[in-house]
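Each chain, written out:
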Amino acid sequence: MEAYDRVRIARSNMRPTGIDYIMNIFSSFMELHGDRRYGDDGAIIGGLAYLDKNPVTVIAIEKGKDIKERTERRFGSPHPEGYRKALRLMQQAEKFFRPVVTFIDTSGAYCGVDAEERGQGQAIAENLVTMMELSVPVIAILIGEGGSGGALALAVADRVWMLENAVYSVISPEGCASILFKDISKAREAAGYLKLSAQDALQLHIVERIISEDDLGTSAFFDRLKRMISQELRILNDCETRNEDRYARFRAF
Amino acid sequence: MALSFQLKAQNELERMGRSNIPLPSGPETSCPNCHRTLKIRTLEENAHTCTCGHHFRMPARRRIAFLTDSDSFFELFAEVEANDPLAFPTYPDKLRKARSTGERESVITGYAKIHGQECCLFVMEPGFMMGSLGSGTGEKITRLFELATEKRLPVVGVTVSGGARMQEGLVSLMQMAKISGAVARHGKAGLLYLVLLSDPTTGGVTASFAMEGDIILAEPGATVGFAGARVIEQTTKEPLPVGFQTAESMLEHGFVDAIVERKRMKKTIGALLKLHKRI
């Protein structure tokens, strides 16, 4: 399959969105709103839930289901408030010693005048610094689009996994084509150069695991993913060198 | 001090073709703000500023000479350079062209004294792919922070960057996390990180180490932002507010500690370093 075909699959609105993962993998999800600074961003959902019998903090980028919800959630492009809400929830996770699981699906951080004026860059930067030092286990799963800094702001983790048809890239193929060829219609060609597929990311050691999509969206799929997360959190929980390992994981690039 | 000319907002300058003005190379250049013709030598004598107050972009080596005490700069990690992890087409040519500036990467790192105060210093190079963040750039800055943590020294950084280096794909993106980790450890050790935002500081650099300083200074009129102004304009289909994504706007919105004119820069940074010295 060509890279750009993956991009199209990753962007498809037929795929499960962040909330589906939360509802099917965890139980008793309680959503918590707001960044305590300015507002509440619908593009990021976060809160508390149980994984088996253990409390966890879950954070997901949500694109929305229908056109009204999609517009409200800005198609999963977070404002700075979204990243700051995630930051607040992660800091609480640390305080109460809960692991953090994030689900990422965004074409990128929201691009607009208000987002800039409220410090989009600063919000992402603060998440990177905080997540590099977070003392609790963190697993990040790219479930659709992984758009650059807007995705990385929730993907500084001990383990980063990707769905088979998810993509992860520093720039969109369209953006790359417009810089490289001054022609946005050459996005297909540009996608090939960017090495944005899960297989590419695995080879570059950007991710540790690719999750098969054979049964995407079925209860078997979510059960399988749930078992993977539980097992990995147990391993991470027992790991005494977790923070050193996370530093080394990113230091290696 | 009052400026004799009103500085135009950077996005107005951009519209007038500001971004197409190359770094000074011939004997003369013209100021994009007041349109005066300036002799390059005069410009260099005035730290690359025009009498109207416009701050030109400054090559990294000149910046270092201007900012540090004479003969105090000792370059480190000069051997680190970019590789081509994705085998990206046209990247080797781009690198070759960038290296014709004499630099091997888009940042220069080292040890220096500023007004007698010891520090680790990094300065990004606008002439090298507009200071884009490649794996070599990330490695040099990370090593500098690690060294500064070990030697218990403050870090002073001057940012100039168009953001992540597209040609290095995800490897470039990961530099943002890698540097942030080193910044976090340096900060946890109780050490100062002072960053100076110069024109332009955008994209992945703004979304990482440019915004992670304990103290964030900016040069007048510098473009500072995350998303590209043109991209925002195309997305929102509305004209951008005057002064959008300038250092002045960042100050107004609370993301910068102070705007400092270049001629006062060395003294200001020296004084801030001294204020953080443990007795």
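The structure this text deals with has already been given above.
Residues numbered from 1 in each chain as written. Chains lettered and ligands numbered in written order. Predicted model: local features only at pLDDT ≥ 70, side-chain atom pairs only at ≥ 80, totals over all residues. Heavy atoms only, no water.

**Considerations on the nonpolar core**
- Ranked by internal contacts, the top residues of the largest apolar core, which has 113 residues, are Phe103, Ile141, Tyr168, Leu225 and Ile229 of chain A together with Phe122 of chain B.
- In terms of residue count, the dominant contributor to this core is helix 6 (residues 169-188) of chain B (eight residues).
- Setting aside residues up to four positions removed in sequence, Phe103 of chain A forms contacts with Tyr21, Ile25, Phe26, Ile59, Ala60, Ile61, Ile141, Ile143 and Ile229 of chain A. (Core = buried A, V, L, I, M, F, W, Y, C linked by side-chain atoms within 4.5 Å. Buried < 20%, exposed > 50% of the residue type's maximum accessible area, 1.4 Å probe, protein only. Helix = DSSP H or I, 4+ residues; strand = E, 2+ residues; numbered from the N terminus. Contact = heavy atoms within 4.5 Å.)

**With respect to the pattern of salt bridges**
- Taken as a whole and assessed by the stated rule, the structure comprises 38 salt bridges over all chains.
- In this structure, the salt-bridge partner of Arg246 of chain A is Asp158 of chain A, at a minimum N-O distance of 2.8 Å. One end of the pair, Arg246 of chain A, is in helix 12 (residues 242-251); the other, Asp158 of chain A, is in the loop between helix 7 (148-152) and strand 6 (159-163), with 88 residues separating them in the sequence.
- In this structure, the salt-bridge partner of Glu105 of chain B is Arg165 of chain B, at a minimum N-O distance of 3.0 Å. You can see Glu105 of chain B sitting in the loop between helix 4 (91-99) and strand 4 (107-114) and its partner Arg165 of chain B sitting in the loop between strand 6 (155-161) and helix 6, a full 60 residues away along the chain. The same class applies to Glu105 of chain B and to Arg165 of chain B, which are both buried. (Salt bridge = Lys/Arg side-chain N within 4 Å of Asp/Glu carboxyl O.)

**Considering helix 12 of chain A**
- Taken together, the buried positions of helix 12 of chain A are Arg242, Arg246, Tyr247, Arg249, Phe250 and Arg251 of chain A.
- Packing partners of the buried residues in helix 12 of chain A comprise helix 6 (120-133), strand 5 (138-147), strand 6 and helix 11 (219-238) of chain A together with helix 5 (135-151) and helix 6 of chain B.

**Looking at the interface of chain A and chain B**
- Between chain A and chain B, the residue contacts involve 41 residues of the former and 44 residues of the latter.
- Its largest share of buried area at the contact with chain B, chain A owes to Glu116, Tyr247 and Arg251 of chain A, together 17% of the area lost on that side.
- At the boundary of chain A and chain B, one finds four salt bridges.
- For the salt bridge of Arg185 of chain B with Glu244 of chain A, the shortest nitrogen-to-oxygen distance reads 3.1 Å.
- At the surface where chain A touches chain B, the tally comes to 12 residue pairs in polar contact (both at pLDDT 80 or more).
- Of all elements in the fold, only helix 5 (113-117), helix 6, helix 7, strand 7 (167-169), helix 8 (173-180), helix 9 (187-194) and helix 12 of chain A reach the threshold of two or more residues within the side of chain A that touches chain B.
- Here the side of chain A that touches chain B takes nine residues from helix 6 of chain A, the largest share from any one element.
- Taken together, the residues that form the side of chain A that touches chain B break down as 24 nonpolar, nine polar and eight charged. (Buried area = accessible area lost by both parts, 1.4 Å probe. Polar contact = N/O pair within 3.5 Å; in protein donor to acceptor, adjacent residues only side chain to side chain. Nonpolar A, V, L, I, M, F, W, Y, C, P; charged D, E, K, R; others polar.)

**Observations regarding the sheet that holds strand 6 of chain B**
Residues and elements named next belong to chain B.
- Here seven strands make up an open sheet; going across it, the order is 3-4-5-6-7-8-9 and the pairing mixed. Among the strands making up the open sheet, the edge pair consists of strand 3 (74-76) and strand 9 (258-259).
- Of the strands in this sheet, strand 3, strand 4, strand 5 (117-124), strand 6 and strand 7 (193-201) touch helix 3 (residues 60-67), which is tilted by about 160° from strand 5. (Pairing = 2+ DSSP bridges. Axes fitted to C-alpha atoms, helices over the stretch in contact; angles between N-to-C directions.)

**Some remarks on the pairing of strand 4 of chain B**
All names here are of chain B.
- Counting buried positions along strand 4 yields six of eight residues, so the element is predominantly enclosed.
- Pairing between strand 3 and strand 4: three bridges, direction antiparallel. In the sheet register, Phe74 faces strand 4, and the bridge partner there is Tyr111.
- Pairing of strand 4 with strand 5 involves eight bridges; the strand directions are antiparallel. Across the sheet, Val107 pairs through a bridge with Met124, a residue of strand 5.

**Brief notes about the pairing of strand 2 (residues 44-51) of chain A**
Residue and element names in this part refer to chain A.
- Most of strand 2 sits inside the fold, with six of its eight residues counted as buried.
- In this sheet, strand 3 (residues 54-61) lies alongside strand 2 in antiparallel orientation, the contact comprising eight bridges. The partner of Leu48 across the bridge, within strand 3, is Thr57.
- From the end of strand 2 to the start of strand 3, which pair antiparallel, there are two residues, and Asp52 there has a positive phi angle of about 55°.

**Details of helix 6 of chain B**
Residues and elements named next belong to chain B.
- Compared with the 28 Å implied by 1.5 Å per residue over 20 residues, the 30 Å span of helix 6 between its first and last C-alpha is a close match.
- In terms of residue burial, helix 6 counts as a mostly covered element, since 17 of its 20 residues are buried.
- Trailing helix 6 by a residue or two, Gly190 shows a phi angle of about 80°, which is positive. (Expected span 1.5 Å × (residues − 1).)

**A look at the packing of aromatic side chains**
Residue and element names in this part refer to chain A.
- Under the defined criterion, the tally for this structure stands at 12 aromatic pairs over all chains.
- Between Phe221 and Phe222, the aromatic rings sit 5.2 Å apart at their centres with planes inclined by 75°, giving edge-to-face as the arrangement.
- Overall, the relative accessible area of 1% leaves Phe221 in the buried class.
- Cluster of aromatic residues (ring-pair linked, three or more members): Tyr21, Phe26, Phe103, Phe221 and Phe222.
- Taking NZ or CZ as reference, Arg74 lies 5.3 Å from the ring centre of Tyr110, over its face.
- Its guanidinium or amino end placed over the ring of Trp161, Arg209 lies 4.6 Å from that ring's centre, counting from NZ or CZ. (Phe/Tyr/Trp six-rings, centres within 6.5 Å; stacked < 30°, edge-to-face > 60°. Lys NZ or Arg CZ within 6 Å of the ring centre and 35° of its normal.)

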